[in-house]
Amino acid sequence: MSNDNDASEPDRDARDAFESPANPQEPSGETDGQTSETRSDTPPESPTRDGQTGPQSGPDEDGFGRPEREDREEQPENLLDEALGRDVDADMEVDEEIAENDLLGGLMVDSSESIEVPDRLVDQVIGQDHAREIVLKAAKQRRHVMMIGSPGTGKSMLAKAMSQLLPKEELQDVLVYHNPDDGNEPKVRTVPAGKGDQIVDAHKEEARKRNQMRTFIMWILIILVLGYALIIAQQILLGILAAGVVYLVFRYMSRGSDAMVPNLLVDTSDQQTAPFEDATGAHAGALLGDVRHDPFQSGGMETPSHDRVEAGAIHKSNKGVLYVDEINTLDIRSQQKLMTAIQEGEFSITGQSERSSGAMVQTEPVPCDFVMVAAGNMDAMENMHPALRSRIKGYGYEVYMDDTIDDTPEMRRKYARFVAQEVQKDGRLPHYTREAMEEVILEAQRRAGRKDHLTLEMRDLGGLVRVAGDIARARDADFTTREDVLEAKSRSKSIEQQLADEMIQRRREYEMHRSEGGLVGRVNGLAVMGEDSGIMLPVMAEIAPAHGPGEVIATGQLQEMAEESVQNVSAIIKKYSDKNLSEKDIHIQFSNDGIEVDGPSASVTIATAVISALEDIPVAQNVAMSGSLSVRGDVLPVGGITHKIESAAKSGCDTVIIPKANEQDVMIEDEYEEQVDVIPVRHISEVLEVALEGDTDKQSLIDRLRSITGYALDTDVGSGTPTPQ
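Everything in this summary refers to the structure shown in the same document. Everything numeric here is computed off the predicted structure, so don't read it as measured data.

Rules behind the numbers
Residues numbered from 1 in each chain as written. Predicted model: local features only at pLDDT ≥ 70, side-chain atom pairs only at ≥ 80, totals over all residues. Heavy atoms only, no water. Buried < 20%, exposed > 50% of the residue type's maximum accessible area, 1.4 Å probe, protein only. Helix = DSSP H or I, 4+ residues; strand = E, 2+ residues; numbered from the N terminus. Pairing = 2+ DSSP bridges. Axes fitted to C-alpha atoms, helices over the stretch in contact; angles between N-to-C directions. Contact = heavy atoms within 4.5 Å. Arc of directions from axis to C-beta. Phe/Tyr/Trp six-rings, centres within 6.5 Å; stacked < 30°, edge-to-face > 60°. Lys NZ or Arg CZ within 6 Å of the ring centre and 35° of its normal. Salt bridge = Lys/Arg side-chain N within 4 Å of Asp/Glu carboxyl O.

### With respect to the pairing of strand E10 (residues 321–324)
Logical step 1: Neither face of E10 is left uncovered, since the one carrying Val321 and Tyr323 and the one carrying Leu322 and Val324 both have all their residues buried.
Logical step 2: Examined bridge by bridge, strand E7 (residues 276–278) and E10 share 3 bridges and lie parallel to one another. Residue phenylalanine 276 lies in a different strand from E10, and its bridge partner there is valine 321.
Logical step 3: Examined bridge by bridge, E10 and strand E13 (residues 371–376) share 4 bridges and lie parallel to one another. Bridging across to E13, leucine 322 finds its partner in methionine 372.

Printed below as a string of structure tokens:
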């Protein structure tokens, strides 16, 4: 690869002719392929910090051609705060007295139309302050970044924002030239941004003039040959044949002119910011570049190899950002070559298919000095090439994207701005009223699944904003109202929630759900489908005489975690029951209709069902429950508690038992608050006191448990981390 100073004489002359306003003449069209020298008025070029060449800076300019500041010490001390932008309330009226309790954080607006949306993407990112700081530092120092987190938390937006923070002055155009010594090894040359088009146009003009001259000479010769054949030789057929030979000779000679026109591989003339290339899911050719197959490889009909070269995403992102989401989905071969590109800063292009004629072509190294932003979920690190991760980590940063953020007045104001951003981006949605924005923020609180937190899965929340806007637009409303948001919440249910609602309805029709009376060994458990859908699943237990050593037998689609909870329950039963379990088999069945039971949140349900069967005490069927259980009988927190409570209400239960530690996470919809009574508990004895029916036997069992485990009841068990289910 060569830089601009290595350009051939015709290239420099061609560029000078197009770049210099004082010397506008075009390259001459001489038939011998040489061009006359023209005077260049462009300033001399000097190497930049990357080893390439560019316009030499004047005395009043810095290395990137920008005016030098006389006093750099006067710059703001905290460049990080300046780059991260200002808060949403900088130009908005805020009532600090009501900010703490107001859903909009005290923002005094009537609609989203009054909220100003920042221009820069980095200012539009909600939350993720740590990730934003890392992106800014990485942009200033040209470091790689790997962002790991849940989908929709802002990874791609931060990557695009990073491309806006990189300097544009370093951009380059890349040209590929025919190599007269070896046609299968095209030459590569880089020039400053915007000059590539001028060079190609100059070569095309040069080739056009040559072809015009050749065409003129060709027709003169054809006329002479035909005239000689008709007038002197009087052999018309021979004249036609001779004219055809002349025509073919000149057509073959014109191929040389076409081969002299370079291929503009990377054009950055229209770039306003540093390049951003999304290579998510790209195949090898799209990522690393390719050389097209040529079906006509000989006989004068072939396409020059340099014209068949195609740039890959790594080359198009030169001096910019290469973004690869789900990095683990790239095949190992592509990951290995990506490592080489990161390490060397340049990568040759060759045909990716071994059966293609392009496989014989390999260019000189093409620059690919990009900043890589890799992204993915937690499983992305498992299948990622260790050496590729090492290069990213060794030359950059690893960032974990938060799922939730503290619910503060400042953050609520930013969520109101988020609604305005989504309306502006879409361009077709009516603006939101104040009440509609408040309902969106309530949904953000609910989806967080934690008290005093807001969700950061903004893509899903943005989907709700768009659906509500579509509903308002369908009725030709001027504004999107709270009623539109409520309707959108019911319309935009996930597949899992729709399936759960359908199963609840079917179970009611077939009387599989019991919400009245009492049954021995049957308990209404609660589970989560997907991420936002709850469902009630009955758990049944039966005691039978053992024909050998007693054991716990679990049926249904139990996975590893559920099997572990069965073992924990068996330990509790052996400790608290006065019956000899070694002579009995305990059968446990999950009535799950094909739904996978994954997670320990069924532990409390299993223990209650088994103890009910052992003691022959019925369980109230209007009660549903969820919670994890320790071997001591402590009830531990679980996830998805809000969705579980709502599913119990839909199924007809009026009492729900939850872990005491999850009490702060309950944020059920208003329509369910009066339907269910939520009872938080700390220990299995409290669960049995609520769930079991009967007076004498029930009280005797609970007194026995309390006498054995009184120490456990005084223990604070609410500090654990909720389990997934």
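Structure shown, so let's carry the discussion forward.
### Section: the environment of alanine 387
Logical step 1: On the secondary structure map, alanine 387 appears in helix H11 (residues 386–394).
Logical step 2: On a C-alpha basis, the gap between alanine 387 and glutamine 336 in space is 8.2 Å, while along the polypeptide they are 51 residues apart.

### Details of the sheet that holds E10
Logical step 1: The sheet built from 5 strands is open, its strands ordered E7-E10-E13-E3-E14 with parallel pairing. Every interior strand has two partners, whereas the edge strands, E7 and strand E14 (396–400), have only one. Looking at each pair of strands side by side, their axes are set apart by 15° on average, direction ignored.
Logical step 2: Lying on the sheet, helix H5 (residues 155–165) is in contact with strand E3 (144–148), E7, E10 and E13; it crosses E10 at an angle near 170°.

### Let's talk about helix H15 (residues 482–491)
Logical step 1: Buried within H15 we find Asp484, Val485, Ala488 and Lys489. Down the axis of H15, the buried set is contained in an arc of 140°. They therefore lie on one face. Looking at H15, the residues exposed on the side facing more than 90 degrees away from the buried face are Glu483 and Arg491.
Logical step 2: On the buried face of H15, the contacting elements are strand E16 (431–432), helix H13 (434–448), helix H14 (458–474) and strand E18 (479–480).

### A closer look at the packing of aromatic side chains
Logical step 1: This structure, assessed with the given rule, holds 1 aromatic pair.
Logical step 2: Where phenylalanine 276 meets tyrosine 323, the ring centres are 6.1 Å apart and the plane angle is 25°; that geometry is what we call stacked. Of this pair, phenylalanine 276 sits in strand E7 while tyrosine 323 sits in strand E10, placing them 47 residues apart in sequence.
Logical step 3: With a relative accessible area of 2%, tyrosine 323 lands in the buried category.
Logical step 4: Of note, arginine 189 hangs over the ring of tyrosine 177, and the distance from its end group to the ring centre comes to 4.3 Å.

### Structural notes on the pattern of salt bridges
Logical step 1: As enumerated under the stated definition, the model contains 25 salt bridges in all.
Logical step 2: The shortest N-O distance in the salt bridge between aspartate 369 and arginine 142 comes to 4.0 Å. With aspartate 369 in the loop between strand E12 (366–367) and E13 and arginine 142 in the loop between helix H4 (129–141) and E3, the pair connects residues that are 227 residues apart, well separated along the chain.
Logical step 3: The residue glutamate 438 makes a salt bridge to arginine 434 at a minimum N-O spacing of 3.5 Å. With glutamate 438 and arginine 434 both in helix H13 and 4 residues apart, this pair spans about one turn of that helix. No difference in accessibility class separates glutamate 438 from arginine 434, as the two residues are buried.
Logical step 4: Linked by salt bridges that have partners in common, Glu439, Glu443, Arg446, Arg447, Arg482, Lys489, Glu646 and Glu669 make up one network.

Keep in mind these numbers describe shape, not what the thing actually does.
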